[in-house]
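# Results of the structural survey
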Amino acid sequence: MKTKLGLLILGLGLVFTLSCTKYPPSSDRLLEDLAIVTQYDTKIDFNNYKTYSIANSITKITDKDTTNITDANATAILDQIAKNMEKRGFVKSVAPQKPDLGIQVLYFQNTEVYVYYYDWWGYYPYWYYYYPYPSTYYYSYTTGMGNIELIDLKNANTASNILYIRWNAYIRGLLTGNHSQSEILNSIDQAFIQTPQLQTSAK
């Protein structure tokens, strides 16, 4: 009887420990989630480019569909990208002027759902034996990654419909709802800081 009681206590303790295990809070994941990676075409001299255009929405891609985001957060992100471009000497084109560079922002979102099954033994006093009661726990969290692409429109190969990406930035954790707008905008600034070559003195 003591052995069975010991197993019961151990089992309950295990269930309690595991059922309380959750994905770390956003405060503990801040630096991890907003990881920033940039890359650029090292053969390109950005001084050969002057003007740019930028999309008026962010393309959101999930495993279900593709939509365009035009809310306040999307607008703030696009405006921050434009500010960084202008700080580096680029000028936003005005129609019908053809821009040298085009900017589009993609956002990939994925929701992870975890299902935990635990078996623990509960004592039923009327029948005098142990009966298994399965317990199910659900937990989900959303991950997201933004991709800023700088596309060469000046040297686009229209005949073969080929566009060259000269610079892009990957920002993990973008638009997941775990970060403030200032943190998101700072991550965009950091993406440009990581690529000092992205500037022009073209007239």
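The structure contained in this document is the topic of the report that follows. (Residues numbered from 1 in each chain as written. Predicted model: local features only at pLDDT ≥ 70, side-chain atom pairs only at ≥ 80, totals over all residues. Heavy atoms only, no water.)

The next subject is the overall build of the protein chain. Helix and strand counts for the protein chain come out as four helices and eight strands. When its helices and strands are written in sequence order, the protein chain yields α-α-β-β-β-β-α-β-β-β-β-α. Counting the 203 residues in the protein chain, one finds 34% classified as buried. At a minimum sequence separation of 6, the contacts of the protein chain that also span at least 24 residues come to 73%. Total accessible area computed for the protein chain in this model is approximately 12800 Å², and 56% of it derives from carbon and sulfur atoms. (Helix = DSSP H or I, 4+ residues; strand = E, 2+ residues; numbered from the N terminus. Buried < 20%, exposed > 50% of the residue type's maximum accessible area, 1.4 Å probe, protein only. Contact = heavy atoms within 4.5 Å. Areas by Shrake-Rupley, 256 points an atom, 1.4 Å probe, with all protein chains shown as cover.)

In total, this model carries two aromatic pairs according to the counting rule given. With centroids separated by 6.4 Å and ring planes inclined at 50°, the aromatic side chains of F46 and Y49 adopt a geometry described as tilted. As far as burial versus exposure is concerned, F46 and Y49 are alike and both buried. Residues W167 and F192 carry aromatic rings whose centres are separated by 4.9 Å and whose planes lie at 40° to one another, so their mutual orientation is tilted. Note that W167 is positioned in strand β8 (residues 162-172) and F192 in helix α4 (residues 181-193), a separation of 25 residues in sequence. For W167, a relative accessible area of 2% gives the class buried. Residue classification places F192 among the buried residues on the basis of a relative accessible area of 0%. Residue placement shows K154 over the ring face of Y49; its charged tip is 5.8 Å from the ring centre. (Phe/Tyr/Trp six-rings, centres within 6.5 Å; stacked < 30°, edge-to-face > 60°. Lys NZ or Arg CZ within 6 Å of the ring centre and 35° of its normal.)

The next subject is the nonpolar core. Residues I81 and W167 are the most contacted members of the largest nonpolar core, which totals 30 residues. Sorting the residues of this core by element identifies β2 (51-54), α3 (72-87), β6 (101-124), β7 (129-157), β8 and α4 as the ones contributing at least two each. A per-element tally of this core places α3 first, with seven residues. Sequence-distant contacts of I81, that is, excluding residues within four places in its chain, are made with I54, I103, V105, I148, I188 and F192. (Core = buried A, V, L, I, M, F, W, Y, C linked by side-chain atoms within 4.5 Å.)

On to the pairing of strand β3 (residues 58-61), then. Of the strand pairs in this sheet, β3 and strand β4 (residues 66-69) are connected by four bridges, and their pairing is antiparallel. Directly across from I58, in β4, lies its bridge partner I69. Taking the residues between adjacent antiparallel strands as the criterion, β3 and β4 are bridged by four residues. (Pairing = 2+ DSSP bridges.)

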